[in-house]
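Structural overview for review
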Amino acid sequence: MSSTYLPPLLGESVHEVFYPDVQTTVNLFAIHLRSVAADWDYPAHEHPQYELNYVTQGEQWMTVNGQIYKQKAGELLLIPPGSIHSSQSRNDQGFTYFCMHFDIDDQLFLSLLARIKQVLFSSDSPVTQKIEPVLRKLMNTAPHPTPSAMVQRMQLQSAVFELFGHLWEAVSQEVAQSFTDSYEKIELAHQIRNRLQGLVSQQFKQGRETDTHYGIDDIASELGISSSHCNRVFKQVFGQSPRVVLSELVLHEAKLLLVNSTRSIQQISSMLGYKDIAHFSRQFKRWSGVSPSQYRLEQANEK
């Protein structure tokens, strides 16, 4: 079981910066670099993942949801999940292409991708130019496998996340003009959530009194918005109020501390900012249905 991060005691830090927590799962499927003959014909099919398809030599004729795209070398296709698509060689020539299927549980990233109506990106489009160097990096790893499969897998994941970063930058610039209000709302909601995570890590664990109203109001002030706007935008994007999410984050940290440390419940209560252990115990039971001591015992018995 993972351990929780314990910040230094007050007075020990000269300077510190909290980065956003990363809780993103990425699944990669059927990544391949393939050269095909002039009679290549792949039948119509669909899948629940995004497909990123890049031609390096020749021409590919791809049909996506009934629309035919002539994809030349250096051009990129981004095929949404559930799209029916097929591929062919034409003009008595084969071609070479790189293909990657992926899904990701980052809702902000998915919301941005969902806004893209364009399927084919020319070689001189900002999206293609931004991610082409990373695609080359991915393709260059194929002929030179490392001795360790683990090393190769980690290098692949590193390159894919770099690709996603460049894709995010390029696509957000493409769609920002037509989706400014919606995009900014989602971005703002994630900024609020990141600050809630920092509030749990920094403020609560350094022994300050728990006060969700003050914390959320403070976040709104730092972002230059009203508390009501903060609550409204956050709930529109995540379906929960900031206070509920903050409670969930505190509960998560409390569970980690109860299971992964030898500290007493009194000490944990103080670390999370509660002056009164009885208040912490009541709150924990309201969140989880059991008392802190019962939760600790149950988890110990499961080990």
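Residues numbered from 1 in each chain as written. Predicted model: local features only at pLDDT ≥ 70, side-chain atom pairs only at ≥ 80, totals over all residues. Heavy atoms only, no water.

1. Here we look at the pairing of strand β3 (residues 50–57)
The element β3 is largely enclosed, with a buried count of 7 among its 8 residues. One ladder, built from 7 bridges, connects β3 with strand β8 (residues 95–104); its direction is antiparallel. Considered in β8, the bridge of L52 is made with M100. Pairing between β3 and strand β6 (residues 76–79): 4 bridges, direction antiparallel. What sits directly across from Y54, in β6, is L76. (Buried < 20%, exposed > 50% of the residue type's maximum accessible area, 1.4 Å probe, protein only. Helix = DSSP H or I, 4+ residues; strand = E, 2+ residues; numbered from the N terminus. Pairing = 2+ DSSP bridges.)

2. Things to note about the packing of aromatic side chains
The full count for this structure, using the stated rule, is 9 aromatic pairs. Ring centres of W40 and Y42 lie 5.8 Å apart, and the angle between their planes is 25 degrees; on these two criteria the pair is classed as stacked. A relative accessible area of 37% places Y42 in the partly exposed class. Aromatic pair F102 and F164: ring centres 5.0 Å apart, planes at 55 degrees, arrangement tilted. Placement of the pair is F102 in strand β8 and F164 in helix α3 (residues 149–175), with a sequence separation of 62 residues. When sorted by exposure, F102 lands in the same class as F164, which is buried. The structure contains a cluster of three or more aromatic residues connected by ring pairs, namely W40, Y42, F95 and Y97. (Phe/Tyr/Trp six-rings, centres within 6.5 Å; stacked < 30°, edge-to-face > 60°.)

3. Describing the sheet that holds strand β9 (residues 120–121)
The strand order across the open sheet formed by 5 strands is β1-β8-β3-β6-β9, and the pairing between neighbours is antiparallel. Strands with a single pairing partner mark the edges of an open sheet, and in this sheet they are β1 (26–36) and β9. Across 9 bridges, the pairing between β1 and β8 is antiparallel. Across the sheet, V26 pairs through a bridge with I104, a residue of β8.

4. Some points on the packing of helix α7 (residues 242–260) against helix α9 (residues 277–288)
Contact pair α7 / α9: the axes reach a minimum separation of 11 Å and the direction vectors enclose 105 degrees. One finds that α7 runs roughly perpendicular with respect to α9. Two secondary-structure elements touch here, α7 through S247, V250, L251, A254, K255 and L258 and α9 through F280, F284, W287 and S288. When the residues that make up the contact of α7 with α9 are grouped by side-chain class, the tally is 7 nonpolar, 2 polar and 1 charged. (Axes fitted to C-alpha atoms, helices over the stretch in contact; angles between N-to-C directions. Parallel < 35°, antiparallel > 145°, perpendicular 65-115°, else oblique. Contact = heavy atoms within 4.5 Å. Nonpolar A, V, L, I, M, F, W, Y, C, P; charged D, E, K, R; others polar.)

5. Brief notes about helix α6 (residues 227–238)
Counted at 1.5 Å a residue, the expected span for α6 with its 12 residues is 16 Å, and the 16 Å between its end C-alpha atoms agrees. Among the residues of α6, those classed as buried are C230, V233 and F234. Taken around the axis of α6, the buried residues stretch over an arc of 100 degrees, which confines them to a single face. The positive-phi residue at the C-terminal boundary of α6 is G239, with phi of around 75 degrees. (Expected span 1.5 Å × (residues − 1). Arc of directions from axis to C-beta.)

6. Some remarks on the pairing of strand β4 (residues 59–64)
The pairing of β4 with strand β5 (residues 67–72) spans 6 bridges and is classified as antiparallel. The residue of β5 that forms the bridge with Q60 is Q71. Once β4 ends, the chain turns through 2 residues before running back antiparallel as β5, passing N65 with a positive phi of about 50 degrees. Strand direction decides the pairing type here: β4 and strand β7 (residues 85–88), joined by 4 bridges, are antiparallel. Among the inter-strand pairings, T63 is bridged to a residue of β7, identified as S86.

7. Here we look at the confidence of the model for the protein chain
Residues at a pLDDT of 70 or more form 80% of the protein chain, whose mean pLDDT is 80. Low pLDDT, under 50, characterises residues 1–11; the predicted model gives this stretch 23 contacts beyond four residues in sequence or across chains. When the criterion is pLDDT under 50, residues 207–214 qualifies, and its contacts beyond four places in sequence or with other chains add up to 16 contacts. (pLDDT = per-residue confidence, 0-100.)

8. Structural notes on helix α10 (residues 292–302)
Within α10, the full set of buried residues consists of P292, Y295 and Q299. Along the axis of α10, the buried positions cluster into a sector of 60 degrees, meaning they face one direction only. Opposite the packed face of α10, turned more than 90 degrees from it, sit the exposed residues L297 and N301. Its buried side turned inward, α10 meets α7, α8 (265–271) and α9.

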